[in-house]
Amino acid sequence: MSEPFVVSGQTYRAGRLDAIKQLHVVRRLSPLIGALQGTDVAAVMAPAETAEERTRQMDAMMDLLVPISNAVAAMSDKDTEYVLGACLGVVQREQPGGLGWAPVWSQAAMRPMYEDMTLPAMIQVVGRVLMANLGDFTAALPRPPSGVAPNLR
């Protein structure tokens, strides 16, 4: 499980997607990944502590809004639901009063277990899961030697 993180006043932690689920999530998100090429996703995900950092984060978020919106709009409902279900299926939410952790996603109902989980909160939680599980995905891709242009044929 990841380190706990807070979204909309609730504390969550994310588990790992197995390698096959990671593959299926990446496959479904490939148009979105392509749309984000050359953008600073980390600037949006980094915690902002000062007013200046929050302003920079909002600017970075606005730069990402159009490519993300276009890519998500092009995804089928089935692919969108797969990604949400796979990501939220590995997330737990801390229960009040020290009662432990509980899943946030009902696989049987294909919906969040909590009525207070809004779309913005759900997207932020899914973003955390994606960063934790797929953040090193591009690092695993082969790179051409320094100074050598890749062969695109």
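Basis of the calculations
Residues numbered from 1 in each chain as written. Predicted model: local features only at pLDDT ≥ 70, side-chain atom pairs only at ≥ 80, totals over all residues. Heavy atoms only, no water. Helix = DSSP H or I, 4+ residues; strand = E, 2+ residues; numbered from the N terminus. Buried < 20%, exposed > 50% of the residue type's maximum accessible area, 1.4 Å probe, protein only. Contact = heavy atoms within 4.5 Å. Pairing = 2+ DSSP bridges. Axes fitted to C-alpha atoms, helices over the stretch in contact; angles between N-to-C directions. Core = buried A, V, L, I, M, F, W, Y, C linked by side-chain atoms within 4.5 Å. pLDDT = per-residue confidence, 0-100. Parallel < 35°, antiparallel > 145°, perpendicular 65-115°, else oblique. Left-handed = near helix turned anticlockwise from the far one by under 90°. Expected span 1.5 Å × (residues − 1). Bend = angle between axes of the 7 residues up to and from the residue. Polar contact = N/O pair within 3.5 Å; in protein donor to acceptor, adjacent residues only side chain to side chain.

## A word on the overall build of the protein
Reasoning step 1: Regarding its fold elements, the protein presents five helices and six strands.
Reasoning step 2: Taken over 153 residues, the protein has a buried fraction of 31%.
Reasoning step 3: Across the protein, contacts joining residues at least 24 apart in sequence account for 56% of those joining residues at least 6 apart.

## A word on the sheet that holds strand S4 (residues 101–103)
Reasoning step 1: If you trace the four strands from one edge of the open sheet to the other, you get S1-S2-S3-S4, paired in antiparallel fashion. Every other strand in the sheet has two partners, leaving strand S1 (5–7) and S4 as the edge strands with one partner each. Each strand axis lies, on average, 40° off the axis of its neighbour in the sheet, ignoring direction.
Reasoning step 2: For S1 and strand S2 (residues 10–14), the ladder comprises three bridges, and the chain directions are antiparallel. If you follow Phe5 over to S2, its bridge partner there is Tyr12.
Reasoning step 3: Lying over the sheet, helix H5 (residues 119–134) contacts S1, S2 and strand S3 (91–94), oriented at roughly 155° with respect to S1.

## A word on the nonpolar core
Reasoning step 1: Counting residues in each nonpolar core, the largest one holds 32 residues, and the members touching the most others are Tyr12, Val25, Leu88 and Val125.
Reasoning step 2: Those elements giving two or more residues to this core turn out to be S1, S2, helix H1 (19–35), helix H3 (51–74), helix H4 (77–88) and H5.
Reasoning step 3: Take this core: its biggest share by element is seven residues, from H5.
Reasoning step 4: Sequence-distant contacts of Val25, that is, excluding residues within four places in its chain, are made with Leu17, Tyr82, Val83, Ala86, Leu130 and Leu134.

## Things to note about the confidence of the model for the protein
Reasoning step 1: When pLDDT is averaged across the protein, the result is 84; 85% of the residues are at 70 or more.
Reasoning step 2: Averaged over each element, pLDDT in the protein is lowest for helix H2 (residues 41–45) (68) and highest for S3 (98).
Reasoning step 3: The low-confidence segment residues 140–144, where pLDDT is below 50, has two contacts with residues more than four positions distant or belonging to other chains.
Reasoning step 4: Low pLDDT, under 50, characterises residues 148–153; the predicted model gives this stretch one contact beyond four residues in sequence or across chains.

## Quick look at the packing of H1 against H3
Two packed helices can be described by the angle between their axes and the distance between those axes.
Reasoning step 1: Closest axis-to-axis distance for the H1/H3 pair is 9 Å, and the angle between their directions is 155°. What the angle tells us is that H1 and H3 run roughly antiparallel. Judged by the twist between their axes, the crossing of H1 over H3 is right-handed. Residues Pro31, Leu32 and Ala35 of H1 form the contact with H3, whose participating residues are Pro67, Ile68 and Ala71.

## Some points on the pairing of S3
Reasoning step 1: By the bridge criterion, three bridges tie S2 to S3 in an arrangement that is antiparallel. Within S3, the position partnered with Ala14 by the bridge is Val91.

## Overview of H1
Reasoning step 1: If you check H1, its first and last C-alpha atoms are 23 Å apart, about what 17 residues at 1.5 Å a residue would give, namely 24 Å.
Reasoning step 2: Within H1, the axis deviates most sharply at Leu29, by approximately 60°, and proline Pro31 lies no more than four positions further along.
Reasoning step 3: Residues of H1 that are buried include every one of Gln22, Val25, Val26, Arg28, Leu29 and Leu32, and no others.
Reasoning step 4: Looking at the buried residues of H1, the elements they touch are H3, H4 and H5.
Reasoning step 5: Where H1 begins, the side chain of Asp18 points an oxygen toward the backbone nitrogen of Ile20, at a separation of 3.0 Å.

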